[in-house]
Amino acid sequence: APRRRGPRPARARASRAQGRLRPALDAPARPVRGVAAALLAALVALVLGGSAAAGPRFSDASAALPVEHVYSGGWEHFVGGGLAVFDCDADGRPELFAAGGAGPARLFLNRTAGPGAPLAFALGREGPTGVVGAYPLDIDADGRPDLALLRAGPNALWRGLGECRFEEASDAWGFARGDRWSTAFSATWEAGAARPTLAVGNYVDRDDPEGPFEACDVNELHRPAGRRYGPPTLLTPGHCTLSMLFSDWDRRGAPDLRLSNDRHYYVRGGAEQMWRLSPLRRLGPEDGWHGPQLWGMGIASRDLDGDGRPEAMLTSMGDQLLQLNRPEGFVAAPFSLGAYAQRPHAGEDGRPSTGWHAEFGDVDNDGRPDLFIAKGNVDQMPSNALEDPNNLLMQREDGTFAEASVAAGVASVARGRGAALADLDGDGRLDLAVVNRRAPLELWRNVTPGAGRWLSVAPRQPGPNRDAVGAWVELRAGGRVQRQERTVGGGHAGGRLGPLHFGLGAAERAEIRVIWPDGAATAWLSAEAGRVWRVLRRAGGAPELTAVNSKDF
């Protein structure tokens with residue numbers, strides 16, 4: 001159990017103060033009745049002759065996991081339940097690291113034989129209890145991904161040793177682990193730094209005797225001093241942060257840190273926040289920043305309209321807020337865009353939804369990013385839907401979104417938390433994994449018939465920022481330009497490190513270029529569909545474009 005510093009009367013008061021949030025911890029999760037209906041709908045569609053026009057299809061592959069993994073625990077684990085996706089043994093198949101809450105975190109090793117083969121996983125290392133979330137990144141630039149673990153208690157940095165082995169490196173790297181309730185993370189590389197700058201978001205201050213309401217904890221910025229970290233800089237005021245993301249939001253060539261905050265506990269006076277790194281300051285209306293107030297749970301970003309600036313998808317209770325990124329600042333997307341997903345789209349529960357992890361990805365490879373949102377009640381909150389199916393919002397040609405999760409087979413009504421869209425079997429279609437509170441982790445294989453072509457891009461560069469975090473990858477195909485930024489952070493308590501996936505529609509080739517974190521850009525490079533391409537930056541010369549795998553691992 002997480003280390004405690006003596007009695008904490010605030011926690012007992014917190015349980016009483018919540019009232020409506022008090023869980024029936026010993027009660028089983030409600031039956032997942034929507035899954036059977038969703039799978040039946042998908043089966044009927046396939047029997048009748050599915051096609052790409054019929055929409056996405058997924059097959060339940062949860063049996064591929066060697067054990068049932070449940071995110072469990074009391075109040076400290078109502079939030080969190082993150083999922084980290086990364087390749088820790090360099091075989092081209094991403095692993096899954098799932099937070100466990102009161103139970104152990106677990107690493108699932110991907111043992112899938114190849115494209116078209118059934119998904120298969122083996123049990124790897126078990127992590128500590130108290131883990132809320134995890135994010136992969138290469139902190140020491142040795143080519144082996146590391147892990148940042150968020151906990152209700154001391155956080156941890158794990159150094160990757162290769163072959164999916166890890167060692168605790170917090171002390172060796174001078175990282176102040178703290179003893180807070182950490183629920184958000186993001187990282188970026190500042191110019192000239194030998195290590196990444198790490199941002200840690202904290203939720204309620206568990207030691208505040210007046211809490212939990214209006215008792216939000218401070219956030220932390222860990223900046224390197226050489227190859228070690230100095231004492232953290234505290235970002236105040238804190239407003240109960242549940243997600244944060246470094247991004248070059250205004251494309252000025254430098255990242256800013258966006259924080260999504262939970263108004264359930266800041267109650268009044270709080271809002272979404274944006275921090276500038278140099279000089280370090282919180283942005284306000286004088287900078288064009290007007291942070292909305294919402295029950296912020298997760299952040300996803302993607303350039304949806306082709307103007308080069310990333311939009312921001314913010315999950316919440318009730319309205320899920322998509323903000324369009326305009327030169328004058330962020331504005332709420334019109335309701336007609338179809339992304340608000342404010343109530344359950346299936347079933348009989350008409351109360352407001354609760355969104356957690358959001359992620360963009362081209363599920364059917366038509367060249368348009370789609371949007372997945374993990375849904376689920378906080379625990380037994382009566383004001384919000386108890387049976388709250390996930391959303392799979394497919395982007396149409398006119399830029400609007402249409403719900404497809406029931407027909408696709410992923411409309412689970414378990415209490416979803418962290419999730420990931422990732423190609424787990426190497427067939428070029430994004431599969432789906434979702435961590436659930438008080439219910440087993442769910443895994444779905446993308447079997448969409450007639451999906452478009454695809455390619456993936458892995459930018460690499462020499463120096464400390466090996467994976468080129470902060471770079472933009474642009475792709476031209478089918479008369480349009482797609483853009484993705486390499487980021488670490490966002491989502492809900494978990495993220496992914498790996499090649500950036502692009503759907504191509506019918507195009508057999510595409511042109512790609514990389515705008516590196518320092519603003520230098522490659523020429524446009526011709527690339528064949530159906531491959532993962534590594535773009536290696538070379539000092540003073542043309543980049544090296546290499547296909548690191550084809551249709552096999």
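Residues numbered from 1 in each chain as written. Predicted model: local features only at pLDDT ≥ 70, side-chain atom pairs only at ≥ 80, totals over all residues. Heavy atoms only, no water.

Any chance you could break down the overall build of the chain for me, citing the residues and the numbers?
Secondary structure assignment for the chain yields four helices and 39 strands. In the chain, buried positions account for 61% of the 553 residues. Total accessible area computed for the chain in this model is approximately 19600 Å², and 52% of it derives from carbon and sulfur atoms. (Helix = DSSP H or I, 4+ residues; strand = E, 2+ residues; numbered from the N terminus. Buried < 20%, exposed > 50% of the residue type's maximum accessible area, 1.4 Å probe, protein only. Areas by Shrake-Rupley, 256 points an atom, 1.4 Å probe, with all protein chains shown as cover.)

Describe the nonpolar core, naming the residues involved and giving the relevant values.
Membership of the largest hydrophobic core comes to 54 residues, with the highest contact counts inside it found for Leu 83, Phe 86, Leu 96, Phe 97, Phe 121, Leu 147 and Leu 443. Considering each element in turn, this core owes the most residues, four residues, to strand β2 (residues 83-86). Residues contacting Leu 147, with those up to four places away along its chain left out, are Ala 84, Phe 86, Phe 97, Ala 134, Tyr 135, Pro 136, Ala 156, Leu 157, Trp 158 and Phe 166. One finds Ala 510, Ile 512, Ala 529 and Val 535 within the second-largest nonpolar core, a separate group that totals 20 residues. (Core = buried A, V, L, I, M, F, W, Y, C linked by side-chain atoms within 4.5 Å. Contact = heavy atoms within 4.5 Å.)

Go over the side chain of Ser 316, please, and point to the residues and values.
Considering the arrangement of structural elements, one finds Ser 316 in the loop between β21 (311-315) and β22 (321-326). Its relative accessible area of 1% is what places Ser 316 among the buried residues. What Ser 316 contacts, discounting residues up to four positions off in sequence, is Leu 294, Trp 295, Gly 296, Met 297, Ser 353, Thr 354 and Gly 355.

Account for the state of the cysteines, with residues named and values stated.
Across all of its chains, the model carries two disulfides by this definition. One disulfide in the model links Cys 216 with Cys 240; its S-S distance is 2.1 Å. For the disulfide bridge between Cys 216 and Cys 240, the dihedral angle about the S-S bond is near -105°, and by the sign convention the bridge is left-handed. Taken as a pair, Cys 216 in the loop between β11 (197-202) and β12 (219-222) and Cys 240 in the loop between β15 (233-235) and β16 (241-247) lie far apart in primary sequence, 24 residues in all. As far as the burial class goes, Cys 216 and Cys 240 line up, both buried. Cysteine pairing in the chain follows 1-2, 3-4, where each cysteine in a disulfide is numbered by its order in the sequence. (Disulfide = S-S within 2.5 Å.)

Can you lay out the sheet that holds strand β8 (residues 156-162) for me, pointing to particular residues and giving the numbers?
Overall, antiparallel pairing links the four strands, which are arranged β6-β7-β8-β9 in an open sheet. In this open sheet, the two edge strands, each paired with only one partner strand, are β6 (131-137) and β9 (165-168). Within the sheet, the average angular offset between the axes of one strand and its neighbour, ignoring direction, is 30°. (Pairing = 2+ DSSP bridges. Axes fitted to C-alpha atoms, helices over the stretch in contact; angles between N-to-C directions.)

Account for the sheet that holds strand β28 (residues 415-422), with residues named and values stated.
The strand order β1-β30-β29-β28 describes an open sheet built from four strands, whose pairing is antiparallel. The sheet is open, and its two edges are formed by β1 (58-60) and β28, each paired on a single side. Strand-to-strand twist across the sheet, computed as the mean angle between neighbouring axes with direction ignored, equals 25°. Pairing geometry for β28 and strand β29 (residues 431-437), over six bridges, is antiparallel. Counterpart to Ala 422 in the pairing with β29 is Asp 431.

Describe the environment of Ser 182, with residues and values.
Along the polypeptide, Ser 182 turns up in strand β10 (residues 182-188). When its relative accessible area of 1% is taken as the criterion, Ser 182 is described as buried. Separated by 35 residues in the primary sequence, Ser 182 and Asp 217 place their C-alpha atoms 9.3 Å from one another. Contacts of Ser 182, omitting those with residues within four sequence positions, involve Val 132, Leu 150, Arg 151, Asn 155, Val 200, Gly 201 and Asn 202.

I'd like to hear about the side chain of Asp 379, residue by residue, with values.
Within the secondary structure, Asp 379 sits in the loop between β25 (370-375) and β26 (391-395). Exposure remark for Asp 379: the relative accessible area of 0% places this residue in the buried category.

Help me get a handle on the packing of aromatic side chains, residues and values and all.
A full pass over the atoms with the stated rule returns 13 aromatic pairs. With a centroid separation of 6.5 Å and 80° between ring planes, the pair formed by Phe 175 and Tyr 229 is classed as edge-to-face. Here Phe 175 is found in the loop between β9 and β10, whereas its partner Tyr 229 is found in strand β14 (residues 228-229), with 54 residues between them in sequence. Here Phe 175 matches Tyr 229 in class, with each residue buried. (Phe/Tyr/Trp six-rings, centres within 6.5 Å; stacked < 30°, edge-to-face > 60°.)

Describe the pairing of strand β3 (residues 95-98), naming the residues involved and giving the relevant values.
Side chains Glu 95 and Phe 97 of β3 all project onto a buried face; the interleaved residues Leu 96 and Ala 98 project onto the opposite face, where all are buried too. Here β3 runs beside strand β4 (residues 106-110); their pairing, made up of three bridges, is antiparallel. Paired with Leu 96 across the bridge in β4 is Phe 108.

Tell me what's going on with the environment of Ser 405, and back it up with residues and numbers.
Among the secondary structure elements, Ser 405 is positioned in helix α4 (residues 405-408). Ser 405 gets classed as buried once you look at its relative accessible area, which sits at 0%. Sequence separation between Ser 405 and Phe 372 is 33 residues, and the spatial gap between their C-alpha atoms is 8.9 Å. With sequence-adjacent residues up to four places away left out, Ser 405 is seen in contact with His 345, Asn 390, Asn 391, Leu 392, Val 410 and Ala 411.

Any chance you could break down the environment of Leu 161 for me, citing the residues and the numbers?
Within the secondary structure, Leu 161 is located in strand β8. Judged by relative accessible area, which is 26%, Leu 161 ranks as partly exposed. Taking the C-alpha atoms as reference points, Leu 161 and Asp 146, separated by 15 residues in sequence, lie 8.4 Å from one another. In this structure, Leu 161 is in contact with Arg 144, Phe 166 and Glu 167, ignoring residues within four places of it in sequence.

Shape is all these values report; function is a separate question.
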